[in-house]
Amino acid sequence: MSNRSSILIIFTGGTIGMIKKVDSYVPINFNELIKYFPELDNLNYYLEIIGFNPPIDSAEMSPTIWIKIVEIIEKNYTKFDGFVVLHGTDTMAYTASAISFMLQNLNKPVVFTGSQLPIGVHRTDAKENLITSIEIAGSRSFGKANVPEVCIYFENKLMRGNRTHKCSSNEFNAFSSNNYPILAQAGIDINYNQNVISKGALKTLKIHKNIKQNVGVLKLFPGIAKETVSSLLKNDFFDAIILQTYGCGNTIQEKWFIDELVNFNNEGKILINSSQCETGSIVQGRYQTSQILIDLDVISSFDMTFESVITKTMILLGESTNKKIFKKKFLQSFCGEITKIDK
């Protein structure tokens, strides 16, 4: 019996699966893509590949596709030691965050990667990203996975999936993890930071597929009109609104704005405070301009990324829209997505 790690590659699409034709990039199917990776034949891993047909641009990503990815992993979970998901960069942080919440009690690596340049371009970053992702997904110590969690590998850095944010559209170093240390650094060797990597679960894998999309986002800006706020807060469709506030959670204090929040809150609906800043944490009550949010029982997202906040909200709404139940679960750290937990 072979001791080689077995890896399932899930090709969804994205820039890594494109080639340049004339003046634009166009997607290719998996059979065309794989010929650009002859190095895969020389890796000491057992590899299988499932490709989406047709490939999906990450701008078209949706909860339906998240469920499809999860179902592929669920179906093949006992057959493989790790999984690599090839994905477009634009929404990769959203998908990695969502999958981390959908796969509870995970004890195997699920490594997302992609590229900024298509595989057919001479300076592409696709090959290094894919090959190192496979190595990470197959890396084991004493029979156990070194990184038993959902993560993103990009430009020599391995990051927790639900802690990442796409920070650049034109640099190879396209992703940041501002509020959590990187899990590993790839150079001549791959150096794992075991102190910050999940230990993996001993329980049976649990899948969450119920996703409710009744979520709105209200991003504050100076001069925001009452009509803009009302269009969201008075819309019966929404069960939850994520407030993208200033700094550590500050909001405007005009009476009409507070009245809109009060009315929404009185309907038993959910308000969540998420900062527009990429670094730092929500600290409601530090300034007077956020005290009202405490009075309204607005839920703090602390140092979670926006991608993590919105996907966690959608998944928890799929379980319950009851505010008390939702808040209790939201403030739990399911897979390392949040540092500070409300007492």
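Structure shown above.
Definitions and limits used
Residues numbered from 1 in each chain as written. Predicted model: local features only at pLDDT ≥ 70, side-chain atom pairs only at ≥ 80, totals over all residues. Heavy atoms only, no water. Helix = DSSP H or I, 4+ residues; strand = E, 2+ residues; numbered from the N terminus. Buried < 20%, exposed > 50% of the residue type's maximum accessible area, 1.4 Å probe, protein only. Axes fitted to C-alpha atoms, helices over the stretch in contact; angles between N-to-C directions. Parallel < 35°, antiparallel > 145°, perpendicular 65-115°, else oblique. Contact = heavy atoms within 4.5 Å. Nonpolar A, V, L, I, M, F, W, Y, C, P; charged D, E, K, R; others polar. Core = buried A, V, L, I, M, F, W, Y, C linked by side-chain atoms within 4.5 Å. Pairing = 2+ DSSP bridges. Phe/Tyr/Trp six-rings, centres within 6.5 Å; stacked < 30°, edge-to-face > 60°. Lys NZ or Arg CZ within 6 Å of the ring centre and 35° of its normal. Expected span 1.5 Å × (residues − 1).

(A) Seen up close, the environment of Lys327. Relative to the helices and strands, Lys327 is located in helix H9 (residues 323–330). Using a relative accessible area of 21% as the deciding quantity, one classes Lys327 as partly exposed.

(B) A look at the packing of helix H5 (residues 226–233) against helix H6 (residues 255–266). Look at H5 against H6: their axes get within 10 Å of each other, and the N-to-C directions meet at 0°. Here H6 runs roughly parallel to H5, going by the angle between their axes. Facing Lys226, Val229, Ser230 and Leu233 of H5, the residues of H6 in contact are Trp256, Phe257, Glu260, Leu261 and Phe264. In terms of residue class, the contact of H5 with H6 is built from 6 nonpolar, 1 polar and 2 charged.

(C) Focus on the nonpolar core. In this structure, Ile99, Val110, Phe112 and Phe330 are the most contacted members of the largest nonpolar core, which totals 53 residues. Apart from residues no more than four positions distant in its own chain, Phe112 is found in contact with Val85, His87, Met92, Thr95, Ala96, Ile99, Val150, Cys151, Ile152 and Tyr153. Membership of the second largest hydrophobic core comes to 31 residues, among which are Leu40, Leu130, Tyr153 and Ala186.

(D) Here's a closer look at the sheet that holds strand E10 (residues 150–154). With respect to topology, 8 strands assemble into an open sheet ordered E4-E1-E5-E7-E10-E11-E14-E15, the strand pairing being mixed. In the strand order of this sheet, the two ends are held by strand E4 (46–51) and strand E15 (190–192), each with one partner. Taking the axes of each pair of neighbouring strands and ignoring which way they run, one obtains an average angle of 20° across the sheet. Across 4 bridges, the pairing between strand E5 (residues 82–86) and strand E7 (residues 110–113) is parallel. For Val85, the partnering residue across the bridge sits in E7 and is Phe112. On the sheet, helix H2 (residues 63–76) packs against strand E1 (6–11), E4, E5 and E7 and is oriented at approximately 160° with respect to E1.

(E) Structural detail: the pairing of E5. The element E5 is extensively covered by neighbouring structure, given that 5 of its 5 residues are classed as buried. Burial along E5 is two-sided: Gly82, Val84 and Leu86 and Phe83 and Val85, pointing in opposite directions, are all buried. Strand direction decides the pairing type here: E1 and E5, joined by 5 bridges, are parallel. Bridge pairing in E5 places Ile7 opposite Gly82.

(F) Focus on the packing of aromatic side chains. For the coordinates displayed, the defined rule picks out 7 aromatic pairs. Ring centres 5.7 Å apart and planes at 20° place the aromatic pair Phe326 and Phe330 in the stacked group. Taken together, the residues Phe326 and Phe330, both in helix H9 and 4 residues apart, mark about one turn of the helix. Aromatic rings pair up to connect Tyr77, Phe80 and Phe83 into one cluster. Directly above the ring of Phe52 sits Lys68, whose terminal nitrogen or CZ lies 4.1 Å from the centroid. Above the ring of Tyr77, the side-chain terminus of Lys108 is found at 4.7 Å from the ring centroid.

(G) Just the sheet that holds strand E17 (residues 215–219), in detail. Read across the sheet, 4 strands follow the order E17-E18-E19-E20 without closing on themselves; strand pairing throughout is parallel. Across the chains shown, the open sheet's two edge strands, defined by having one partner strand only, are E17 and strand E20 (299–300). Note: E17 against strand E18 (residues 240–245), 5 bridges, orientation parallel. In the sheet register, Val217 faces E18, and the bridge partner there is Ile242.

(H) Representation of the environment of Phe221 in the model. Mapping Phe221 onto the fold places it in the loop between E17 and H5. Since its relative accessible area comes to 40%, Phe221 is described here as partly exposed. For the pair Phe221 and Ile252, spaced 31 residues apart in sequence, the C-alpha to C-alpha distance is 9.2 Å.

(I) Quick peek at helix H4 (residues 126–138). The end-to-end C-alpha distance of H4, which contains 13 residues, comes to 18 Å, matching closely the 18 Å that a straight helix rising 1.5 Å per residue would cover. Burial runs high along H4: 10 of the 13 residues are buried. Within H4 the residues assigned to the buried category are Ala126, Asn129, Leu130, Ile131, Thr132, Ser133, Ile134, Ile136, Ala137 and Gly138.

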